[in-house]
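A structural walkthrough
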Amino acid sequence: MVFAGLGFELAAGGAMVLRGPNGSGKTTLLRLMAGLARPVAGRLLWSNAPVEDPEALARRLRFIGHQDAIKTAFTVRENLAFWAAFWGTGEPALIDRAMDTFGLAALADFPARLLSAGQRHRLALARLIASPVPLWLLDEPANALDDRSTGALTNTIAEHRARGGMVVLASHGADLVTGGTTLALDNFTPTAAQQWVEL
Amino acid sequence: MSAFSALLSRDLRLALRQSADSLTVIAFFAIATVLFPFGVGPEAEVLSRIAAGVVWVAALLAALLSLDRVFVVDFEDGTLDQLILNGQSTVLVVLAKVLAHWLTTGVPLIIMSPVLAVTLQLPSEGYGVLVLALLLGTPTVSLIGALGAALVLGARRGGVLLSLLVLPLYIPVLIFGTAAIEATITGMPSQPMLSILAGLALIAAALCPFATAAALRQAAE
Amino acid sequence: MAFDSFAAFIDMGGYAAWVWTSYGLAALALGGILILTRRTLKAREREFETLKANRRGTP
Amino acid sequence: MHKFANPTQFMRIANAIYPWIAGLCLILFAAAIPIALVFSPPDYQQGETVRIMYIHVSSAWLMMMIYGIIAANSAMFLIWRHPMANLAARASAPMGATFCALALVTGMLWGQPMWGTFWVWDARLTSTLILFFLYIGYIALSDAFEDSERGDKAAAILALVGSINVPIIHYSVEWWNTLHQPSIMKASSEGIDSSVHPSLLLPLFLMMGAFTMFYFALLVLRLRSELLAAKIRNARLSQIAGHAAAQPAE
Amino acid sequence: MTRKRRRLYFVLLGLLALSGGLALVLTAFEDNIVLFFSPTEVAAKPVCAQRCRIGGLVANGSVVKEGERVSFDVTDTVETVSVKYVGILPDLFREGQGVVAEGKMTEGIFVANNVLAKHDENYMPPEVADALKKSGRWKEGEPVPVAVVH
């Protein structure tokens with residue numbers, strides 16, 4: 001058991017920052033919200049209705065985790081174009097904008113295997129713009145990013161929220177959002193007594 | 001369908017860019033087959049008796065070699081999470097992956113098989129039915145193999161475990177695949193064996209994708 | 001009683017090797033899995049008791 | 001249903017009936033062994049080797065029944081996530097593998113004197129061998145992951161897929177021209193038809209009953225053991241969580 | 001497409017494929033996938049020029065033994081094939097009993113290199129078998145008219 005007794009809601013244009021030490025369940029919570037994992041108990045609501053169709057939920061959200069999901073044999077543009085085609089979202093113009101935003105335009109036709117860790121992570125984040133959806137779930141998005149890219153990410157999140165988008169992000173570093181709520185996950189760590197489950 | 005066709009074309013392009021991977025499988029198929037004349041002796045009579053079985057067994061082992069990588073690369077670089085979040089169905093992802101695997105390993109194996117059968121002195125009546133049997137049998141190999149590959153994602157000794165899980169399930173395909181060829185050579189009708197192979201492929205196509213999708217989802221969990 | 005003598009019983013109508021091997025292997029298999037199960041169970045019971053005791057020991 | 005899904009409740013019932021199952025198992029063995037070995041007559045064709053049948057058919061019956069139990073429990077585990085169903089499947093698998101091996105070996109020991117060969121590659125024997133590999137694969141897969149829950153689920157999916165083999169084993173002797181004799185029992189409107197004389201059927205039924213009770217008695221012990229293993233794992237995890245909580249937050 | 005719809009399509013498609021596959025397999029089995037050929041098939045077609053198996057009943061009065069050399073006829077009551085064999089016979093081998101022989105046809109005679117005995121699903125003590133035969137209610141190789149367990 002990672003956490004218990006946790007509840008929150010997020011309105012359009014809202015943002016929430018998950019904070020807590022290692023192992024407090026930030027990644028687990030994000031994956032639960034994405035529908036990649038199932039909770040032992042508890043439920044997920046969208047517009048006050050229980051999520052009964054995980055696929056419809058998946059169409060409304062983008063999850064960017066620790067792994068960048070990049071094919072190194074493809075170029076930067078091909079990587080973005082594949083995901084845009086796979087999700088059936090986005091147009092070529094959006095792909096260009098995504099690369100511009102995260103400073104990848106000059107690298108568009110470079111094979112991804114030549115990119116540095118930070119550039120790869122930017123390529124993963126560029127999917128947020130190339131294939132737009134309302135809800136972004138970001139797991140430590142500022143990891144491996146330099147100051148300029150962090151600034152770009154902060155702006156992108158602000159623009160997304162201004163258009164009514166929602167963001168949930170796990171972070172233990174710099175503030176990427178202004179005026180969002182903060183959820184300290186270590187407050188919900190089960191007690192030792194709860195852990196000692198008498199099966 | 002956009003997810004299906006996008007994934008299929010991505011896998012095919014990846015296979016083309018990294019064509020060394022597919023070539024390794026074909027090379028393994030050739031080497032494994034060519035070992036037999038050295039093992040059992042070069043007498044044409046002995047070789048032609050075992051030719052059908054040897055080609056089939058070598059094709060199964062070669063396919064097994066490639067199955068290891070069907071999902072594991074996507075699993076390790078985080079692509080699998082994104083593929084599951086496709087907004088349509090995980091079964092579509094599985095079908096695209098299986099079709100891509102069949103096109104990139106099954107088809108080359110089928111094309112290679114008559115050449116290798118020549119080195120094993122397969123009687124001339126056998127070639128047509130050899131290709132036909134492989135054509136009907138290799139889709140089952142890809143379908144069952146994808147299930148095995150999804151089950152062992154993240155396991156210790158995944159490759160060895162994969163062969164333990166998958167090879168027993170290949171036995172029916174092997175039995176009827178070789179029986180079809182033997183029947184033709186001995187002047188019996190091969191049609192019943194071929195229709196069993198087709199039936200097995202249909203049954204596998206009906207059952208395996210669902211199980212594979214379930215296995216993938218719980219591997220990502 | 002299907003046998004005239006003890007020797008006939010042991011001989012099993014000439015099939016002693018097959019019959020007795022079968023019964024021997026069955027006894028070995030059933031006995032073996034019984035012993036293994038009990039041994040694991042005992043070991044886990046002991047381990048669980050130690051863990052419980054340790055837990056009471058620490059607040 | 002949910003009453004049985006609760007481990008504490010389930011084990012209370014299981015432990016209560018355990019002495020009865022174990023006692024019944026002992027009584028059945030005490031009756032079956034002397035009748036099978038001494039008091040039952042030989043067969044008119046196979047002579048004394050018919051005594052191997054009592055072990056062989058009982059083992060084969062159990063390997064099929066246990067696989068059915070594993071598949072049913074796997075389905076319950078995957079659909080409703082009942083932890084007890086998972087433990088029952090895990091606890092049964094090694095026994096299923098044992099009985100499957102026993103059925104194969106006694107079949108060989110019977111085949112050699114009667115058919116003239118230890119082994120033929122026909123449908124019944126081949127599909128039984130596949131079942132044995134499935135059991136081994138199930139056990140290997142469920143233990144192959146660092147995260148035990150992942151192993152449980154992967155193995156459950158494998159068990160469900162493999163269950164397609166069970167009807168193949170059962171019907172193989174009727175579909176196929178084979179050395180293996182047809183089933184000795186057939187359900188019909190009049191009850192169960194059997195081509196076995198009652199004097200040979202009695203030890204067979206006794207032995208099958210004894211084997212079945214042996215399985216259920218051992219299942220209770222193994223469930224107790226699996227449950228303890230889960231509790232130990234949980235206790236260890238809670239210790240680790242306790243350590244983490246004791247450390248200062250980052 | 002809604003989720004339910006999509007699921008329904010997938011399941012229907014799966015069921016269609018499953019029933020199609022089962023139908024193909026089962027009709028193929030009707031066409032007699034064989035472990036062995038019957039004497040009628042051997043007589044009708046030029047099978048067994050290479051290694052194969054034939055199966056049937058050992059014809060009554062056809063067994064001739066000279067040490068390890070045995071010759072006997074295998075019949076399916078329509079056609080008969082003569083078999084030659086050198087080696088040890090299984091204990092169940094006897095006249096009227098089902099056998100399977102592995103080998104190949106040479107000059108109209110089936111030369112076996114292995115003989116396997118097939119036995120039926122009837123089990124009974126010898127006294128019962130004798131009594132049944134004496135009363136004429138049963139002949140070896142036929143289903144037994146007794147033993148219905150209710």
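For the structure, see preceding data.
Treat the numbers as computed from the prediction; the structure is a model and nothing was measured. (Residues numbered from 1 in each chain as written. Chains lettered and ligands numbered in written order. Predicted model: local features only at pLDDT ≥ 70, side-chain atom pairs only at ≥ 80, totals over all residues. Heavy atoms only, no water.)

**Quick notes on the overall build of chain C**
Within chain C, the regular secondary structure consists of two helices and zero strands. The buried share of chain C, taken over its 59 residues, is 27%. If you sum the accessible surface of chain C, you get close to 3800 Å²; carbon and sulfur atoms cover 63% of it. (Helix = DSSP H or I, 4+ residues; strand = E, 2+ residues; numbered from the N terminus. Buried < 20%, exposed > 50% of the residue type's maximum accessible area, 1.4 Å probe, protein only. Areas by Shrake-Rupley, 256 points an atom, 1.4 Å probe, with all protein chains shown as cover.)

**Some remarks on the overall build of chain D**
Broken down by element type, chain D carries eight helices and two strands. When its helices and strands are written in sequence order, chain D yields α-α-α-α-α-α-α-β-β-α. Here chain D holds 250 residues, and 58% of them are scored as buried. Pairs at least 24 residues apart make up 76% of the contacts formed inside chain D by residues separated by at least 6 positions. Entry remark: accessible area of chain D is about 9700 Å², with carbon and sulfur atoms responsible for 70%. (Contact = heavy atoms within 4.5 Å.)

**With respect to helix α1 (residues 2-17) of chain B**
The terminal C-alpha atoms of α1 of chain B, which comprises 16 residues, lie 22 Å apart, in line with the 22 Å expected from a rise of 1.5 Å per residue. On its buried face, α1 of chain B is in contact with α3 (76-87) of chain A together with α2 (19-40), α4 (69-76), α5 (79-84) and α6 (90-119) of chain B. (Expected span 1.5 Å × (residues − 1).)

**Thoughts on the sheet that holds strand β5 (residues 135-139) of chain A**
Adjacent strands of a sheet form backbone hydrogen bonds with each other and so pair up, either parallel or antiparallel. All names here are of chain A. Spatially, β4-β5-β6-β1-β7 is the arrangement adopted by the five strands of the open sheet, whose pairing is parallel. Every interior strand has two partners, whereas the edge strands, β4 (61-64) and β7 (181-184), have only one. Adjacent strand axes in the sheet meet at a mean angle of 15 degrees when their direction is disregarded. The pairing of strand β1 (residues 15-19) with strand β6 (residues 166-170) spans four bridges and is parallel. When the sheet's bridge partners are listed, Leu18 is paired in β6 with Ala170. Contacts from helix α1 (residues 26-34) reach β1, β4, β5, β6 and β7 within the one sheet, and its direction differs from that of β5 by about 155 degrees. Where helix α6 (residues 147-162) meets the sheet, its contacts fall on β1, β5 and β6, and the angle it forms with β6 comes to roughly 145 degrees. (Pairing = 2+ DSSP bridges. Axes fitted to C-alpha atoms, helices over the stretch in contact; angles between N-to-C directions.)

**Looking at the pattern of salt bridges**
Counting across every chain of the model gives 20 salt bridges over all chains. Ionic pairing is found between Asp74 of chain B and Lys71 of chain A, a salt bridge with its closest N-O pair at 2.6 Å. On the criterion of chain membership, the pair formed by Asp74 of chain B in helix α4 and Lys71 of chain A in the loop between β4 and α3 is interchain, its members lying in two chains. Summarising the burial analysis for this pair, Asp74 of chain B and Lys71 of chain A share the class buried. For Asp74 of chain B, the salt bridge identified is with Arg10 of chain B, shortest N-O distance 3.1 Å. (Salt bridge = Lys/Arg side-chain N within 4 Å of Asp/Glu carboxyl O.)

**Points about the interface of chain D and chain C**
Taken together, the contact pairs 43 residues of chain D with 28 residues of chain C. Remark: the boundary between chain D and chain C carries one salt bridge. Between Glu47 of chain C and Arg236 of chain D there is a salt bridge; the shortest N-O distance is 3.2 Å. Here chain D is connected to chain C by four residue pairs in polar contact (both at pLDDT 80 or more). Those elements giving two or more residues to the side of chain D that touches chain C turn out to be α2 (7-39), α3 (50-80), α4 (83-115) and α8 (198-246) of chain D. With 16 residues, the top contributor of residues to the side of chain D that touches chain C is α8 of chain D. Counted by class, the side of chain D that touches chain C contains 28 nonpolar, eight polar and seven charged residues. (Polar contact = N/O pair within 3.5 Å; in protein donor to acceptor, adjacent residues only side chain to side chain. Nonpolar A, V, L, I, M, F, W, Y, C, P; charged D, E, K, R; others polar.)

**Topic: empty space enclosed by the protein**
In this approach a probe as big as a water molecule rolls over the atoms, and the regions it shows empty are the leftover space. Residues and elements named next belong to chain B. The full count for this structure, using the stated rule, is five cavities of 30 Å³ or more. Approximately 60 Å³ is the volume found for the largest cavity. Residue lining of the largest cavity: Trp56, Ala59, Leu60, Ala63, His101, Trp102, Thr105, Gly106, Leu109, Thr138, Val141 and Ser142, and that is the complete set. Within the residue set of the lining of the largest cavity, elements represented by two or more residues are α3 (44-67), α6 and α7 (126-151). Ranked by residue count, the leading element in the lining of the largest cavity is α6, at five residues. (1 Å grid on protein atoms, 1.4 Å probe; cavity = no way out; pocket = protein on both sides within 12 Å on 5 of 7 lines; lining within 4 Å. Points joined across faces, edges and corners; volume = space filled by probe spheres on them.)

**Here's the deal with the environment of Phe72 of chain E**
Inspection of the secondary structure puts Phe72 of chain E in strand β3 (residues 69-75). Taking the C-alpha atoms as reference points, Phe72 of chain E and Lys45 of chain E, 27 residues apart in sequence, are found 21 Å from one another.

**With respect to the packing of α6 of chain B against helix α9 (residues 191-220) of chain B**
All names here are of chain B. Running from amino to carboxyl end, α6 crosses α9 at an angle of 110 degrees, the nearest separation of the two axes being 9 Å. Considered as vectors, α6 and α9 are oriented roughly perpendicular to each other. Counted together, Thr90, Val91, Val94 and Leu95 of α6 and Pro209, Phe210, Thr212, Ala213, Leu216 and Arg217 of α9 form the full contact between these two elements. A per-class count over the contact of α6 with α9 returns seven nonpolar, two polar and one charged. (Parallel < 35°, antiparallel > 145°, perpendicular 65-115°, else oblique.)

**Here we look at the packing of aromatic side chains**
Given two aromatic rings, one states the distance between the centres and the angle between the planes to describe the pair. Applying the stated criterion across every chain yields a total of 14 aromatic pairs over all chains. Plain terms: the ring middles of Phe86 of chain A and Trp87 of chain A are 6.4 Å apart, the flat faces sit at 65 degrees to each other, and that makes the pair edge-to-face. Comparing Phe86 of chain A with Trp87 of chain A shows no difference in burial state: the two are buried. With a centroid separation of 6.0 Å and 50 degrees between ring planes, the pair formed by Phe29 of chain D and Phe211 of chain D is classed as tilted. Of this pair, Phe29 of chain D sits in helix α2 while Phe211 of chain D is found in helix α8, placing the two residues 182 residues apart along the sequence. (Phe/Tyr/Trp six-rings, centres within 6.5 Å; stacked < 30°, edge-to-face > 60°.)

**A closer look at a nonpolar patch on the surface**
Side chains of Ile31, Leu35, Phe36, Val40 and Val46 of chain B sit close together on the surface and give an oily, nonpolar patch of about 420 Å² of accessible area. With four residues, α2 of chain B is the largest single contributor of residues to the nonpolar patch. (Patch = residues over 30% accessible without salt bridge, like charges linked within 9 Å, V, L, I, M, F, W, Y side chains within 5 Å.)

**Details of unusual backbone geometry**
Even without being glycine, Arg157 of chain B reaches a positive phi, approximately 50 degrees. As for its placement among the helices and strands, Arg157 of chain B is situated in the loop between α7 and α8 (158-185). Taking the relative accessible area as the measure of exposure, Arg157 of chain B reaches 56% and is therefore exposed. We note that Arg81 of chain D has phi near 55 degrees; this positive angle belongs to a residue other than glycine. Counting through the fold element by element, Arg81 of chain D comes out in the loop between α3 and α4.

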